[in-house]
Structure formats: C-alpha cells, structure tokens
Amino acid sequence: MGCIQSFRQCCDRPKNTNVRISLPAVCFVWQIAMIILFGIFIRYNEESDTHWIEHKTSNNISSNIENDFYFRYPSFQDVHVMIFVGFGFLMTFLKRYSFGAVGFNFLIAGFGLQWALLMQGWFHSLDPMDGKIKIGVESMINADFCVASCLIAYGAVLGKVSPVQLMVMTLFGVTLYAVEEYIILSLIHARDAGGSMVIHTFGAYYGLSISWMLYRPNLDQSKHRIGSVYHSDVFAMIGTLFLWMFWPSFNSAISDHGDGQHRAAINTYLSLAATVLTSIAISSLSQKTGKLDMVHIQNATLAGGVAVGTAAEFMLMPYGSLIVGFCCGIISTLGYIYITPFMEKYLKIHDTCGIHNLHAMPGVIGGIVGAITAAAASKDVYGTEGLANTFDFMGKWKDMMPTQQGGHQAAGLCVALCFGIGGGIIVGCILRLPIWGDAPDNSCFDDDIYWELPEDEENNPPTVEYNNHMRNKF
Amino acid sequence: MGCIQSFRQCCDRPKNTNVRISLPAVCFVWQIAMIILFGIFIRYNEESDTHWIEHKTSNNISSNIENDFYFRYPSFQDVHVMIFVGFGFLMTFLKRYSFGAVGFNFLIAGFGLQWALLMQGWFHSLDPMDGKIKIGVESMINADFCVASCLIAYGAVLGKVSPVQLMVMTLFGVTLYAVEEYIILSLIHARDAGGSMVIHTFGAYYGLSISWMLYRPNLDQSKHRIGSVYHSDVFAMIGTLFLWMFWPSFNSAISDHGDGQHRAAINTYLSLAATVLTSIAISSLSQKTGKLDMVHIQNATLAGGVAVGTAAEFMLMPYGSLIVGFCCGIISTLGYIYITPFMEKYLKIHDTCGIHNLHAMPGVIGGIVGAITAAAASKDVYGTEGLANTFDFMGKWKDMMPTQQGGHQAAGLCVALCFGIGGGIIVGCILRLPIWGDAPDNSCFDDDIYWELPEDEENNPPTVEYNNHMRNKF
Amino acid sequence: MGCIQSFRQCCDRPKNTNVRISLPAVCFVWQIAMIILFGIFIRYNEESDTHWIEHKTSNNISSNIENDFYFRYPSFQDVHVMIFVGFGFLMTFLKRYSFGAVGFNFLIAGFGLQWALLMQGWFHSLDPMDGKIKIGVESMINADFCVASCLIAYGAVLGKVSPVQLMVMTLFGVTLYAVEEYIILSLIHARDAGGSMVIHTFGAYYGLSISWMLYRPNLDQSKHRIGSVYHSDVFAMIGTLFLWMFWPSFNSAISDHGDGQHRAAINTYLSLAATVLTSIAISSLSQKTGKLDMVHIQNATLAGGVAVGTAAEFMLMPYGSLIVGFCCGIISTLGYIYITPFMEKYLKIHDTCGIHNLHAMPGVIGGIVGAITAAAASKDVYGTEGLANTFDFMGKWKDMMPTQQGGHQAAGLCVALCFGIGGGIIVGCILRLPIWGDAPDNSCFDDDIYWELPEDEENNPPTVEYNNHMRNKF
C-alpha cells in the first residue's frame, strides 16, 4: 500500500486538460491500425458472403429465412440501442456532464466494437483454413457485448477522466474481456448467455479497480456538480427505460435458436418486472416521508436483468426469475443507500454511477444463481436432448454432469472477478500517469473542460465573474 | 347522486401524503404473492421449454425459425417500448410532474404485467392436463396489452392520485380486463386484434369513471401546475412518436401469422398518417392566427391507431384506413378543444391527459368500424379460406355468417363499455377512502409530494422569496 | 442571374405568417385527394391479402414465415424510427425551434409517405392485370425512404419556411424522387440499396437549391436564435443516436433476402464506427484547446452511413467499409468548419443543419464508391451465381459486365444530381411567391410564429420587463 501511495504522489502533478494533440492522435492512429488489421484478418462469414447462395444449396438449406441474420438481427438492434442510447443516456443525470456522458460513450463504443471484433475473432472465430476471422450478425452482437463491459467501467469514473484515458481504458478492457471470455466460455465451458459474469462482473470490477487507483482525495471541490437537475433526471430515464425494455433481447441475443432465445427473453422480462417493485419499495422505505429517489429508479430497477443473465437460458422457471429480481431490487437499492457512501469513505473508491450496486453485486449474484441452477439441472426437467442442448454437452464435454457444470460455472465467476480486479489495478496504474489530460479536482463533472458549450445563461454563464458569483451561492 | 355526494363528503378528510408504510407494504406483499402464484401456476409453454426439440420432431416442424418467438418477438419489443417509453413519456408534458409520469408508469406496468400473466392465463391458457398456465411470447404481448389499458386509465387521473391508489387501480383494472377480454373474445367471439374495444374503450372509460368518482371541486388551487414548459413538451413528443411509430406493431402483434400481421401493419400505418394531417389542420383552424397547439400534436395524431385497431386485420382496404384516420384526427382534436372543458365543467370529470379524446371516442369508433367491416365481409373479397381464417370461423363457430359476426362485434363493444364504466365507478369508490395517501387539492401535479427533487433553482423553488431572489440575479 | 434577382425582389413583399386558412386547406384537400387516389389505385399485394393462404398453396410456400413481412418488418420499424425520431430530434438542436423541428417533420413525413406510395406505385408496382398498385411491407419501406429525401431537404431550410411551404416542397420532392428513382434503378439499372444517390444526393441538393432560391440577405436579424442551449443539444443527440444505430437497418432494409441484407448491415455498422473516431479527431483538432463541438458529434458521425449506402450490399469488404467511414468522418467535419460558412458567405446558400456536409458530399462519395466497387466486381470474389444475384444481372441485363455496371452507377449519380439541383431551383422559385406565410427575416428560427408556446419564463423571455410582466400573471 505504501508503494501504491508513493506512486500516487508521483503522479499527482498539475493537470493540463488540453487534449488537442493526444485525442486526435489516438483516434487517427488507432483507427488506421483497425483498417490495416481488418484488411489482414476480417472477412464475411458464409452467411453474409455472396457465396451464401451456393452454401445454401450445398447444405440443403431450403430458404433464406434460415440465415442467422433473421434469427438474431432484431435482437442485435435492441442490444445496439442499449449500448448507445441506454448506457449513454443513463449517465446524463449529472447536471453539467450530459455531453460527456453521451458523447464519450459514443466515442468509446465506436472504437471498442472494432477492436472487439478483432480480439474476439482471434480467440473464437479464426478460420483455420485461411487464417481469417469470419464475421456475421453474431459477431456484431458479441462486439456490442464486449463494449458493454467497458461502458459499465466508464460509469465508475464518469466525470473524472479524459477521453484519452477512456480510449486507453477501452483498449485494455476489450483485450482483457476477450481473454477472460475465452477462458470462461471455451476453456472452462461455463455458460453465460446474458453475461452476468463475463460482462457485468468483469466490467464492474474493472471499473471499480480503476476508480480506486485514480482516487482523488480532494474531489469534494467538485461536489456541487455531483447531482442532477430536474430535466437531466428525465433524460437519464430515457437510458433506464431503453436498457430495461431491451434487456430481454440482451440476454437472449446469442442464446440457442428456438427455445433458448424464447426462454431467455421470458426469464429476463419477469425478473426485471419484480425488480421494479422491490426497488421502489426500498427507495420509499429509506426516506423519512416515503419519498422516492430518482437514483434508485434509474438504476436499481435494472439489477434483475443483470442477475438473471447467466441462468436466463436455463430452466430457471418463471417464479425463479421473479425471486432473483425480487432479491436484486432490494440488494441494489440498499447498495445505493449504504454501500456506495461506505466505499467512498472507507475504501477510497468513488463510484459515480453506482456500478457496484447495478452491475457488480447483481453480476456476482447472477453467477451464483447460474451455478446453482446448472448444478440442479436434471433430465426430468430438461429432457435428455434438452439437457445436452441447453448446456452444450457435446463433443469433448458430452459426458459432463450438471453438478460438474455447476462447478465450472463457479470457476467462471472467479475468473471474471480476477480479471476485473487485476486488470483494473494494472490499467489504473497506467491511467495515473500525468499525461492523459484529465481534469483537476475542482473541475470534475464539468462539460466545460472538453466541450464547446452553448452560451445559455442557465448552464453556461457567459462571464467568469458571474460564474464565480453563482458558485458562492452553492 | 345524493348518496354519492354524501359518500364523497365522508371521504374528504385531511390528506396525509406519507406513503412510507403503505407503498412498500403494497409492493412487497403483492410481489411475494406473485412469486407464490407463479410458483403454483406458471410454466413455460412448449415453444419456450427445453422439450421444444422433441416437440419439433413430433410435430414435423422443420426449423427453429417456426418457433412463435420469431413471428412475434420484434412486435413484442415494439409494444414493450410503447408501454414504457410511449405511455411514460407522453405524460411527461406537465411542468412539474415528469418524475411521476414516467416513474409511476414504470411501477404500475411492472406490477400489472405479472398480474396480467396470471389473470389472462387462468382464462385463456390454463392447460387442462396439469392445471398450469403455459406462457410464451404471445402471453407477454397480451400482458403488455392488458397493462396498456391501466396506463390509459392513469392518463385521466395523472397528478391527482398517489402511487398506492395507482397500484389498487391496476390490480382491479387487470382483473376486470381479463374478464371482459374473456367474454368479448372467447364467449362472444368478437375479433379485436388491436384492442379498440378491449383495451382502449375499456381502459378509457375505466379511467374516466374513476376520475369522476375522485372529482376534486377545488382543483383550481393546483391550476398553475396544469401546463407544460418548453422542454417538457419536447419530452412528451418522445412518447408521442414512439407510440405513433410502433402502433403498426401494436395492432399486428397478435394477429394471424402471415397475411394477418402484414395487413394489420399496413392498415395502421396508413390510418395514422392520415390522422396527422387532419389533427394539424383542426389545430391550426382552432386558433385565431392559425398557430398549432402542442397538446393536439402530442395526442390527437395517435387517434387513428386506436380507431383502426379492431378492423386492422380485416380487409379494410388502404383507402378505408385513410378514411378512419381522417375522421379520427378531426374528432379527437375537436374533443380537446370542446369536449374536455365541457366534461370538466358540466360532468365533473377532470381528464388530465384527455384520454376521452385519444382513447375513448376513437376506441368506440374503432369498435363500430370493426362491426361494419365484419358485417360487410364477403367470400368475393376474402376468398373462402381467407374468410374462415380471418374471422376464425372454425370449430363451434364454423357456420357463422359475416353479418352475425358484425352483431357479435357490436355486442363486444357494449361489454367493454359496461366493464369500463361499471368497474371504474366501483374502483373509484374504493379509491375515495382517505387511506391512500393522495395529495391535497393544492398540491396536485407536483412531484415534490412523492419524490426527492434535485435542488435546481429553476424547477424547484422552495419558496417565492427564494424564487424572486434568484430572479433578480438574471 | 439578373432575372433571378429581379424575381427575388418582386417576391420580397411584407410577410404575413397567418396560416390559419392555407395550412388547414392544404391538409384537408390533399388528404381527401389521397383518399380518392388510394380508393382508385391502391390494394394489398398477395402477401398482405387474405388470399395469401391460397397463394401459399399455389406457389409451394411451406410456411407463413416465408412471407416478406418477416424478412423486412423489423428493418421497416427501424427505418420508421429514423424518419420520425431520428430526423425529427436531430433538428431540435436550435434553442427556440424544437417544436417546429419535430412537429413539422411529423407533418411532412405523414403526408409524404402517402403520396410516395402512390408515386412510387405508379412507376414500380402497377399491376398490368388490373391497373392497381399492390402494396406490402417493401412499399412502406420505400415510402419512408422517399420521405427521407424530403426531410433531408427540410434540414437546409429549417426555421426559415412555413409549414405550407414545407408541404409544397414535399409534394414536389416526392414526385421528383419517384421519377429519378425510376430512371436510376429501372432504366439505368444502377443499384442503390441504401440510397446514397437516390435519397441523399438528390435530397440534399434539392434542399440546398431551394435554400439558395430562398436566400435571405438579412437573416442576421435572427442570428441570435441560430444556436443551441444545453438541453436542446442533448435532445438532438437522441436524433443522432437513433439515426446512427438504425442505419444498418436503413441500408439493408430493401437489399436481397439472405446474404444481401446481412452484408449491408455489417458494412454499415463498420463504416459508422470508423466515422465516429475521425469526426471526433477533427472536431478536437479544429479548436484551440482541443474541445469538441456538439455540432460535429451530432452530424458528422453519421456521414459514414450515407457514404456506404450504395455499396453496402456489394462485397465492399469490412476494411473497405472502415476506409469509407474514415474518410467521410474527416470530410464531413471539415465541411462544417470550412464549407458551410463559405457557402453562406459566397454562394448565398444558408444551410441550417449542414446537410451539405452530412448528406450531399457523403452521398456523392457514396455514389462514387458504389461505381468503383461495382466496376471492380469479379466472379472470383462474388462467385458466378453471387455476381448475377448481387447486381441483378438477369432478364434483359443478363449479359452485363461489372465494368459496364460501374458506368451505369456513375450515370445514376449524375441523374440524382441533376434532379436535385434542377428540381430544387424550380421549386425554390415557386416557394418565393409571397403567399406561403413564411416568417420575416427577424423572426426566423422562432417557434412563436407557428406554435402556441407554454408560458415559461426560462425559455421565452425576450426581455426582463416581459419576464416580470409574465411573473405577475401567475
């Protein structure tokens, strides 16, 4: 810890927030690298290539509707909305950081999805015949999933980092994600349709660890900007609702054709409904006069979607989904009330959006629920074919038992935790270097640092005098 | 009437808006009840169960794409957006009630859909073999439909009731809906793909009757808050547009596979387009200088979707859809100009969102259009198979004639009206009890009663003094 | 030019913005005309007619899922969102013209799609057997596409024209569109899946030419209203993001079933991702301290979707898509910085939304990319069947070579340019007549002209006196 402290001090030089060289340089160089790597590695797969017409004949596929595009594209678009509008607008709640929320979300998702196609391609869909990565609609969904983990991490550091830091964070985040996903899904053979472990647990602990490494002891200089105004809370509800509504698509997007997708959507739909009621109940209980807190409605209502991710395609049963949602609404809301302040005060982890309550805890719960549900699976409930199908007990895994699978699920959760925390600490160290253009402690959560703001008196007082004047009032 | 008046006086005790016990209690107890009932009754149907793989083989289904999920899931997601973003944001137009609009909409939809799955399941999809309700994607759509009727009713009482009252209203609303739906669709054998009768007529009269029972003679104490500000009107347009755009999915979501869904989408698309033009025309005509009124654009433009609901899957013909939309745009806009003030002044029905113009009148028109279109159906136009298919003249109804069907449609409309008005009066009586925590007459339409508001000078001035003080600064 | 100048002077009479007669008249008369024409001409096609069940049998179609509805309806809904929410909200960025942006967008789209169904039907889908136009889901997509070109044109004149002028502009715009589309796609046999030429190039030059004809030398009287406020920029991001996210659906909506739609979606997804990075890079470079400009993020990030439109269904290759996006992000952002001010100052073309940078230049680039990609096509890459399939080398075009196709593509681009510029000049002349109710130069970009505005002090206080005055009223 002493070592970390001294490293911290070494990094605490005066801040220069001018990103005019670094941001364009990073964008251009990395984008050109993407073009070169895509030129070398990435091609269409057999379902998106013009040879599909021949592939159809040779594989006895009777109709174009059998193209995977028609199974997954509607879900892909829902996931896409979650990534860009859902995560983007969810973070607009801060009174003076809406541009940064939605704009930087846009930037890192735009870069992240390209890098994810490459990283995931190398691990999952490299064609051994020609050494190329073959992409289709499922690759796009997986790339969006991978980006989601980085956007979750962004939630922890919202308002406290520069766009260059976010790009670096995304570069490493996507890389780590692809490795841990490969280990969890392919090597350990855990199942994780909705990514409770792979996306949420990893992403949240990655972000929290970075936030811990970037801890700012003097952040209360920007305290007056950590809060919402009336309309920014309504904007944030756009994000909340699109995440909430499309979460069934998220959890079912890459599950098995047919009953797998169908069941994952139903389970998620039910779990989320239960979460709404318990979040609102705890929110009301927590205030003297029973008033509701928008922060809970915006965030805790989503916890059920996270927690049902791993088990969504299993036979969790409708009441099982409701129980998961019921518990997570309570835990997540209590997290906002008790754990977030505790973490900031005692653990030196400042978590702007409360991702610990929305993604970390529900993600871990989701992993555990998945392990238990898998271990409890039986041929009575699933049917012989159904069991093999749902858990993919085929090839080298064909003799696997459900109880074993439960163990593998638990192992997967541990891997996600390790990658999240370990990766976050390392990347956090890199991000402490005083070269990234992040804001000083008294200018956090302020769009004025990285954005040309319109000159409206309310949000952007035209003169410094006026501005200082106003400041004294708060 | 005298009896009602004295009941009213008996209920008019001083108000206590503290819902810290009642709201959490209702949420927890009802959610636990849902879990228990789901545990006893609800299971996956054969298309969302792991036994689908065996079901496929035994029913000669060649491909997973034949799973109902792929026919209906994109429509389900559109309907889902209408319920949560559409209805939620449509009601954000009030200057100080946006949190309540979108937040309570979220709460009652989250509860309502669970209760709807049970209620509708008992009436429609109870498996006689094992006494279980089997759910799939169509059940989720139907649950969302059922919730829609309660959200319509919420529009009439927006800003005047407590969240606990809304939960009670939803509990009874869903129950009544399931019964009237069973009578109309199963017993009477009326067709109602888009729910003009079942959803809109019922929901609107249910809400209006409740609003009549809850009439507040001194509501003008809150008059200054019944209005919009510039940005709240733009937020409301988000709701309007998502409702408008996805209405073709609403009306086609549960109609027949193939041509049924296709035709319902086309008819709705056309009807809504015509409504936009006539709403704007009447809105402009109604003002001295031809200026448009946002209230009309936000609401009346949707009337065509309501009115084409019942007949959407019939051979209404493209020009028929346009005529329906044309008329409803006129009637709905005139309703906002003349009928809403009339109802408030003379009938003692205060209708915050004008659901009488948007849902009640167009819903009744939709029922009538459906009856006429059904009665006019012929084998020439529909084809022999097409006629039987569209009107479901099968089983015990196989000898039914289109003219008879027209009569049944009309009977269905009457049932919806009776359930709406009768149910609303009874539930309204219950909601008058002085135990539900609703706001006093001078604090209606104010988020401050049920929400922790952010402290921004603009929207939340605690006192007039403070307000003037701030004003001097600008 | 002298002639044009004198025509201009002749038209510059004092303005009367009262549209109480003209707007309702136009709406009613045109809507009634639509009903009559629909009655004469428009019927359901075989996939949306009740005879589908017989059609299925006679064409050996095994399942309802083969109905075109299931191939295209999800894409249709995405396109629909782009038209109404995407274009509508993208234009809400002006501080006092959000109602006009989203409301008039709604009006002209509602009218335009009806007229487009007729115009496109006469040219493309008139059934020679009975002289009727047969419509289905593809017709709806095409109608939405046609409307898109008029909405693009609206972007150039936003805030400077009356709703009546917009209706006239849409009437002629749709007509011209249908003709140029017929020439380009049917006569010249160019391919244009995403409409780089047919939609974007035509629409943008149509709008720019109209804006040139309607040039207001004294527009700086309204200069203080050409700008955004903080929240209006966030509203505009809703438009940006829904356009950005759903653009893959736009470009793939009417391409070939199977690999065609699949590939178009992938190419667009990649191109747009690259555009985000280069737009942000140039935006940051262009400011002294590296701050980002919301105008660039809102608009230039979309250029990649425009430019990849024509070639989206070709074998552009993933890296090719990235290159297209890379270049367009740069060009479009530079356009906002240098070309828009230049055009206003020297060419007398005021372009409110910068459609020259977002649609015109990328559209032309898209046409050129399409021509090159087509000319470079080979059987090696596409396969024999794939080549014929992708470029529709069938019937009378069965002996066509890819190089020839490249020439046809280039010819198509020229046609789009000619129709856009020529049509725009003629329609612009008509719109200069002093009968349309447009605003005087000092009242442009002001919702107060055509809308009843809510009385909120914040957004509508011209002076402090007025403000105090208003306050006394409450």
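Residues numbered from 1 in each chain as written. Chains lettered and ligands numbered in written order. Predicted model: local features only at pLDDT ≥ 70, side-chain atom pairs only at ≥ 80, totals over all residues. Heavy atoms only, no water.

S.K.: For this particular structure, what's the right way to read the interface of chain B and chain A?
M.R.: Reports of interface size often rely on the accessible area that becomes lost once the parts have come together. Facing the 82 residues of chain B at the interface are 82 residues of chain A. Of the roughly 7,100 Å² buried between chain B and chain A, counting both surfaces, carbon and sulfur atoms make up 72%. The largest per-residue losses of area from chain B upon contact with chain A belong to Tyr44, Thr50 and Phe106 of chain B, which jointly make up 11% of the total buried on that side. Taken together, the connections running from chain B to chain A amount to 1 salt bridge. Put simply, Lys291 of chain A and Asp448 of chain B hold a salt bridge, and the shortest N to O gap is 3.7 Å. Along the contact surface separating chain B from chain A lie 24 residue pairs in polar contact (both at pLDDT 80 or more). By residue class, the composition of the side of chain B that touches chain A is 48 nonpolar, 19 polar and 15 charged. Two strands pair when backbone bridges link them, and strand β4 (residues 292–293) of chain A and strand β5 (residues 451–452) of chain B are joined in this way by 2 bridges, in the parallel orientation. Across the sheet, residue Asp293 of chain A finds its bridge partner in β5 of chain B, namely Glu452 of chain B. (Contact = heavy atoms within 4.5 Å. Buried area = accessible area lost by both parts, 1.4 Å probe. Salt bridge = Lys/Arg side-chain N within 4 Å of Asp/Glu carboxyl O. Polar contact = N/O pair within 3.5 Å; in protein donor to acceptor, adjacent residues only side chain to side chain. Nonpolar A, V, L, I, M, F, W, Y, C, P; charged D, E, K, R; others polar. Pairing = 2+ DSSP bridges. Helix = DSSP H or I, 4+ residues; strand = E, 2+ residues; numbered from the N terminus.)

S.K.: Explain the interface of chain B and chain C here, please?
M.R.: On the chain C side, the residues contacting the 79 residues of chain B number 81 residues. Each partner contributes to the roughly 7,000 Å² buried at the junction of chain B and chain C, and carbon and sulfur atoms together form 71% of this total. Here chain B is connected to chain C by 24 residue pairs in polar contact (both at pLDDT 80 or more). Here the side of chain B that touches chain C gets 19 residues from one element, more than from any other, and that element is helix α10 (residues 259–285) of chain B. Residue composition of the side of chain B that touches chain C, by class: 43 nonpolar, 24 polar and 12 charged.

S.K.: I'm lost on the UniProt feature "domain: Ammonium transporter AmtB-like" (unreviewed entry) in chain A in this one. Help?
M.R.: Per the UniProt record, "domain: Ammonium transporter AmtB-like" (unreviewed entry) is found at residues 67–433 of chain A. Secondary structure across residues 67–433 of chain A comprises 73% helix and 2% strand; the distance between its end C-alpha atoms is 48 Å. (UniProt positions renumbered as here; feature names shortened; annotations may be inferred.)

S.K.: What should I look at first to understand the packing of helix α9 (residues 230–252) of chain B against helix α9 (residues 230–252) of chain C in this one?
M.R.: Pairs of packed helices are described in terms of their axes, by the angle between the two and the distance that separates them. Between α9 of chain B and α9 of chain C, whose axes approach to 10 Å, the crossing angle comes to 15°. Classified by the angle between their axes, α9 of chain B and α9 of chain C sit roughly parallel to one another. Judged by the twist between their axes, the crossing of α9 of chain B over α9 of chain C is left-handed. Contact with α9 of chain B, carried on its side by His231, Val234, Phe235, Ile238 and Phe242 of chain B, involves His231, Ser232, Phe235, Ile238 and Phe242 of chain C of α9 of chain C and no other residues of that element. (Axes fitted to C-alpha atoms, helices over the stretch in contact; angles between N-to-C directions. Parallel < 35°, antiparallel > 145°, perpendicular 65-115°, else oblique. Left-handed = near helix turned anticlockwise from the far one by under 90°.)

S.K.: Whenever I open this one, the sheet that holds strand β2 (residues 126–127) of chain B confuses me. Can you help?
M.R.: Within a beta sheet, neighbouring strands are joined by backbone hydrogen bonds and run either parallel or antiparallel to one another. Residues and elements named next belong to chain B. Strand order in the open sheet made by the 3 strands is β1-β3-β2, with mixed pairing throughout. Pairing within the sheet leaves two strands with one partner each, and these edge strands are β1 (42–44) and β2. Pairing between β2 and strand β3 (residues 132–135): 2 bridges, direction antiparallel. From the neighbouring strand, Asp127 faces β3, where its bridge partner is Lys132. Of the strands in this sheet, β1, β2 and β3 touch helix α5 (residues 98–124), which is tilted by about 110° from β3.

S.K.: Looking at this structure, how should I read the relation of the copies chain B and chain A?
M.R.: Here two copies of a chain appear, and what relates them is a rotation about an axis with a shift along it. Laying chain B over chain A is done by rotating through 120° and shifting 0.0 Å along the axis; what remains is an RMSD of 0.0 Å. The transformation relating the two chain copies, once decomposed into turn and shift, fits a three-fold axis. The overlap is low: 17% of the interface residues of chain B also sit at the interface in chain A, so different surfaces are used on the two sides. (Least-squares fit on C-alpha atoms with pLDDT ≥ 70 in both.)

S.K.: Would you mind showing me how to read the relation of the copies chain B and chain C here?
M.R.: The operation relating chain B to chain C is a screw motion whose rotation component is 120°, with 0.0 Å of axial translation and a residual RMSD of 0.0 Å. Residue by residue, only 15% of the interface of chain B is reproduced at the interface of chain C, so the copies engage with different surfaces.

S.K.: So what exactly am I meant to see when it comes to the sheet that holds strand β2 (residues 126–127) of chain C here?
M.R.: All names here are of chain C. In spatial order, the strands read β1-β3-β2; together these 3 strands make up an open sheet with mixed pairing. With partners counted over all chains shown, the strands left at the sheet margins are β1 (42–44) and β2, one partner each. Where helix α2 (residues 22–41) meets the sheet, its contacts fall on β1 and β3 (132–135), and the angle it forms with β1 comes to roughly 55°. Against the sheet, helix α5 (residues 98–124) touches β1, β2 and β3, its axis set at about 110° to β3.

S.K.: Can you walk me through unusual backbone geometry in this structure?
M.R.: Glycine aside, negative phi is the norm for most residues, and most peptide bonds take the trans geometry. Residues and elements named next belong to chain C. Phi is positive for His189, close to 60°, though the residue is something other than glycine. Its location among the elements puts His189 in the loop between α7 (163–187) and α8 (196–213). Of the residues examined, His189 reaches a relative accessible area of 5% and is grouped as buried. Residue Asp392 is not a glycine yet carries a positive backbone phi of 60°. As for its position among the elements, Asp392 is in the loop between α16 (384–391) and α17 (402–432). On the accessibility criterion, Asp392 (31% relative accessible area) is partly exposed. (Buried < 20%, exposed > 50% of the residue type's maximum accessible area, 1.4 Å probe, protein only.)

S.K.: Just to check I follow, could you spell out the pattern of salt bridges for this structure?
M.R.: Pairing between side chains of opposite charge can happen when their charged atoms approach one another. Across all of its chains, the model carries 39 salt bridges over all chains by this definition. Arg191 of chain B is the salt-bridge partner of Asp392 of chain B, the closest N and O atoms lying 3.8 Å from each other. In this pair, Asp392 of chain B is assigned in the loop between α16 (384–391) and α17 (402–432) and Arg191 of chain B in the loop between α7 (163–187) and α8 (196–213), connecting sequence segments 201 residues apart. One network of salt bridges, in which partners are shared, links Arg191, Asp256, Glu313 and Asp392 of chain A.

S.K.: Help me understand the pairing of β3 of chain B in this model?
M.R.: Side-chain positions along a regular strand alternate between the two faces of the sheet. Residue and element names in this part refer to chain B. Burial along β3 is one-sided: the residues Ile133 and Ile135 are buried and none of Lys132 and Lys134 is. Here β1 pairs with β3 via 3 bridges, running parallel. Residue pairing across strands places Arg43 opposite Lys134, the latter belonging to β3. What sits between β2 and β3 in their antiparallel hairpin is a turn of 4 residues, with Gly131 showing a positive phi close to 70°.

S.K.: In this structure, what is going on with the packing of helix α5 (residues 98–124) of chain A against α9 of chain C? I would like to understand it.
M.R.: For the pair α5 of chain A and α9 of chain C, interaxial distance at closest approach is 9 Å and the crossing angle is 20°. Taken as axis vectors, α5 of chain A and α9 of chain C run roughly parallel relative to one another. Note on packing geometry: the crossing formed by α5 of chain A with α9 of chain C is left-handed. Packed against α5 of chain A, whose contacting residues are Ser98, Phe99, Val102, Phe106 and Leu113 of chain A, the element α9 of chain C presents Tyr230, Asp233, Val234, Met237, Thr240, Leu241 and Trp244 of chain C at the interface.

S.K.: I keep staring at the environment of Trp451 of chain C and nothing clicks. Help me out?
M.R.: Following the sequence through the fold, Trp451 of chain C ends up in strand β5 (residues 451–452). Classification of Trp451 of chain C by relative accessible area gives buried; the value is 1%. The spacing of Trp451 of chain C and Ser22 of chain C is 429 residues in sequence and 15 Å in space, taken between C-alpha atoms. Excluding residues within four positions of it along the chain, Trp451 of chain C makes contact with Lys291, Leu292, Met294 and Ile297 of chain B together with Phe99, Gly100, Gly103 and Phe104 of chain C.

S.K.: Looking at this structure, I do not really get helix α2 (residues 22–41) of chain A. What am I missing?
M.R.: Since there are 3.6 residues in each turn of an α-helix, residues three or four apart along the chain are aligned in direction. If you check α2 of chain A, its first and last C-alpha atoms are 28 Å apart, about what 20 residues at 1.5 Å a residue would give, namely 28 Å. Listed as buried for α2 of chain A are Leu23, Pro24, Val26, Cys27, Phe28, Trp30, Gln31, Met34, Ile35 and Phe38 of chain A. Of the surrounding elements, those touching the buried residues of α2 of chain A are β1 (42–44), α5 and α7 (163–187) of chain A together with α10 (259–285), β4 (292–293) and α13 (318–346) of chain C. (Expected span 1.5 Å × (residues − 1).)

S.K.: Is there a simple way to explain the packing of aromatic side chains in this structure?
M.R.: We describe a pair of aromatic rings using the distance from one ring centre to the other and the angle between the two ring planes. Residues and elements named next belong to chain A. Across all of its chains, the model carries 87 aromatic pairs over all chains by this definition. Ring geometry for Phe123 and Tyr182: centres 5.1 Å apart, planes at 35°, overall tilted. Pair noted here: Phe123 is in helix α5 and Tyr182 is in helix α7, with a separation of 59 residues, a long-range link. Take Phe123: its relative accessible area is 32%, and that puts it in the partly exposed class. Residue Tyr182 is classed as partly exposed on the basis of its relative accessible area, which comes to 26%. (Phe/Tyr/Trp six-rings, centres within 6.5 Å; stacked < 30°, edge-to-face > 60°.)

S.K.: Explanation requested: the state of the cysteines in the structure shown.
M.R.: Disulfides are covalent bonds that link the sulfur atoms of two cysteine residues. Inspection of the entire model under this criterion finds 0 disulfides over all chains. Lacking any disulfide linkage, Cys327 of chain C is separated from the closest cysteine sulfur, that of Cys328 of chain C, by 6.7 Å. (Disulfide = S-S within 2.5 Å.)

S.K.: How do you make sense of the environment of Val308 of chain B when you look at a structure like this?
M.R.: Residue and element names in this part refer to chain B. Here Val308 lies in the loop between α12 (303–307) and α13 (318–346). Linking Val308 and Leu166, residues 142 residues apart in sequence, is a C-alpha distance of 29 Å. What Val308 contacts, discounting residues up to four positions off in sequence, is Ser196, Asn251, Asn267, Thr268, Ser271, Leu316 and Val324.

S.K.: Sorry, what's going on with the side chain of Arg96 of chain C here?
M.R.: Residue and element names in this part refer to chain C. Inspection of the secondary structure puts Arg96 in the loop between α4 (68–90) and α5. Residue class for Arg96 comes out buried when judged on its relative accessible area of 17%. Among the polar contacts listed, one links the side chain of Arg96 to the side chain of Asp446, at a separation of 3.3 Å.

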